[in-house]
Amino acid sequence: MSRYTKDDIFRICEEENVEFIRLQFTDIFGHLKNVAITISQLGKALNNQCMFDGSSIEGFARIEESDMYLYPDLDTFEILPWKPINGRTARIICDVYNTDGTPFAGDPRYVLRKEVEKAREMGYEFNVGPECEFFLFHTDDGGSPTTFSHDTGGYFDLGPNDLAENVRREMVLTLEEIGFEIEASHHETAPAQHEIDFKYERALHAADNIMTFKFAVKTIAKQSGLYATFMPKPKENVAGSGMHINMSLEKNGENAFVNADDVHGLSQEAYWFMGGLLRHAYAMTAVTNPLVNSYKRLVPGYEAPIHIAWSARNRSPLIRIPSSRGQSTRIELRSPDTAANPYLALAVCLAAGLDGIKNRIDPPAEIVQNIYAMTDKERKAQGIRSLPSNLLEAIRAMEDDAFVTSVLGEHLAECYIRAKKQECEAYSLQVSQWELDEYLGKY
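Numbers given to residues run from 1 along each chain, matching the order in which its sequence is written. In keeping with the predicted nature of the model, local features appear solely for residues at pLDDT of at least 70, side-chain atom pairs appear and are counted solely at 80 or more, and the whole-chain, interface and lining totals rest on all residues. With hydrogens and water set aside, each side-chain value is computed from the structure's full complement of heavy atoms.

It is not clear to me how the nonpolar core should be interpreted in this structure. Could you clarify?
The tendency in soluble globular proteins is for nonpolar side chains to be buried side by side. The biggest cluster of nonpolar side chains holds 101 residues, and the ones touching the most others in it are F213, L249, F273 and I319. Element by element, the count of residues in this core is highest for helix α6 (residues 268-288), at 13 residues. We call two residues contacting when some pair of their heavy atoms lies within 4.5 Å. Once you skip the residues sitting within four places of it in the chain, F213 turns out to touch C132, F134, L175, F180, I196, F198 and F230. The nonpolar core is taken to be a set of buried Ala, Val, Leu, Ile, Met, Phe, Trp, Tyr and Cys residues, with the residues joined through side-chain atoms within 4.5 Å. Accessible area is worked out with a 1.4 Å probe on protein chains only. A residue is then buried under 20% of its type maximum, exposed over 50%, and partly exposed in between. L46, F52, M68 and V96 belong to the second-largest nonpolar core, a separate cluster that totals 25 residues. Only DSSP runs of H or I reaching four residues or more are called helices, and only runs of E reaching two or more are called strands; each is numbered from the N terminus.

I keep staring at the packing of helix α3 (residues 108-121) against helix α5 (residues 203-223) and nothing clicks. Help me out?
Relative placement of two packed helices is described by the angle separating their axes and the distance separating the axes. Angles shown run from 0 to 180 degrees and are taken between the N-to-C directions of axes, each axis being a line fitted to C-alpha atoms and, for helices, limited to the stretch in contact. Between α3 and α5, the shortest axis-to-axis distance is 9 Å and the interhelical angle comes to 155 degrees. Accordingly, the angle class assigned to the pair α3 and α5 is roughly antiparallel. Read as a crossing pair, α3 and α5 show a hand that is right-handed. Only A203, L204, A207 and D208 of α5 make contact with α3, whose side of the interface consists of R109, L112, R113 and V116. Split by residue class, the contact of α3 with α5 holds five nonpolar, no polar and three charged. The scheme is simple: roughly parallel for angles under 35 degrees, roughly antiparallel for over 145, roughly perpendicular for 65 to 115, oblique for anything else. Should the near helix be turned anticlockwise from the far one by less than a right angle, the crossing is left-handed, and should it be turned clockwise, the crossing is right-handed. When residues are sorted by character, Ala, Val, Leu, Ile, Met, Phe, Trp, Tyr, Cys and Pro go into the nonpolar class, Asp, Glu, Lys and Arg into the charged class, and all the rest, Gly among them, into the polar class.

Please clarify how helix α9 (residues 391-399) should be interpreted in this entry.
For an α-helix, the turn length of 3.6 residues means that residues three or four places apart are oriented alike. Of all the positions in α9, only L391, A394, I395, A397 and M398 are classed as buried. The buried residues of α9 occupy an angular sector of 160 degrees when the element is viewed end-on, so they sit on one face. If you follow the buried residues of α9, they end up packed against α6, α10 (402-408) and α11 (410-428). Whenever a nitrogen or oxygen atom comes within 3.5 Å of another N or O atom, the pair is scored as a polar contact, on the condition that within protein one atom can donate a hydrogen and the other can accept it, and that pairs from neighbouring residues in sequence are kept only if both atoms are in side chains. Structurally, the start of α9 carries an N-cap: the backbone nitrogen of L392 is 3.2 Å from a side-chain oxygen of N390. The arc in question is formed by the directions pointing from the helix axis toward the C-beta atoms.

Here you go:
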């Protein structure tokens, strides 16, 4: 059942003195975009008549096919709680359509919608709970972000060590104003690093929430004179920011991953879903960890999961089964980071899991030891493979995996791979300060 009708939105805008509406959508790299309209254009927007130039959005369309339409998802209507200069502003998340009225194949939200529909055809609903980490840094005199912070807090610290306690509280309260149910917030491992967790939702809603979450966190940080970054590894020698994804399937109103008679409380469907994730994890990494910088988080020594394995007992493998059981039973994929496009990341996760169920892919044996402490020989003996060590390796793996590219679709996969190869090439041409410090005086 829909949350809002067109009449509801008109009425609320009038009652709440809304003067501007952001028609939001997401590009293939997970960047939030919008076309802003005044209230006088709301009727046109709600009738799917707002057009934009897709050729100016990376990966969207060629110049000769540039006209695209925004179709608002009425259920995503929210009034933004931060105070504007004049009037109030609302937002509606939109799907992108071609001029002939068909969904645009390069719209990340459409990619996820397709996989959600496939799950429904199999009798499942896909539920997701993300754990989003970020850093809060000072800005310079010009307002640009730095990597400087006075904060010295660590895991679960509180004030006075956690200097951003009040800022984080304001973020939580703001998120609750726009409909989030926040389950927990706390200081993370590294100085200036934080985490806010929100409730399980259906996959599409969860992806929308991740985009809204980033937007809100950045806005509140800016109002507090800080900069919030979701860059995976902004500082060396500290932990990076991840986005652990907790997943479960629901069937006939019940958690399909539950089997009270199993030693881990997992159903056969849960094992097969996990088997699919592990089967495709290597090629999925280009989507779940999309930046050159992502692979500076995926290194030994900072608790980032780099080994393709699973466990119900420790946090060193790629997949963990959290201790909560019964209706809270879930699979936690620990590799994704906060730079990932949530629509694409959830789409490949769901598709991989469903592939596991369809083809009855059993996962390998559980790894109960601390994989970080194993030698290379011990890991090899147990068949434990590592994730790609850099973005180019990940992109090549995705190219070679027809399953993962088929999830993205031909158009989006082609644009994504081309852009990421260009990113790798641009990075390879740079000379870093480390190289100068290490080599300039020696050679």
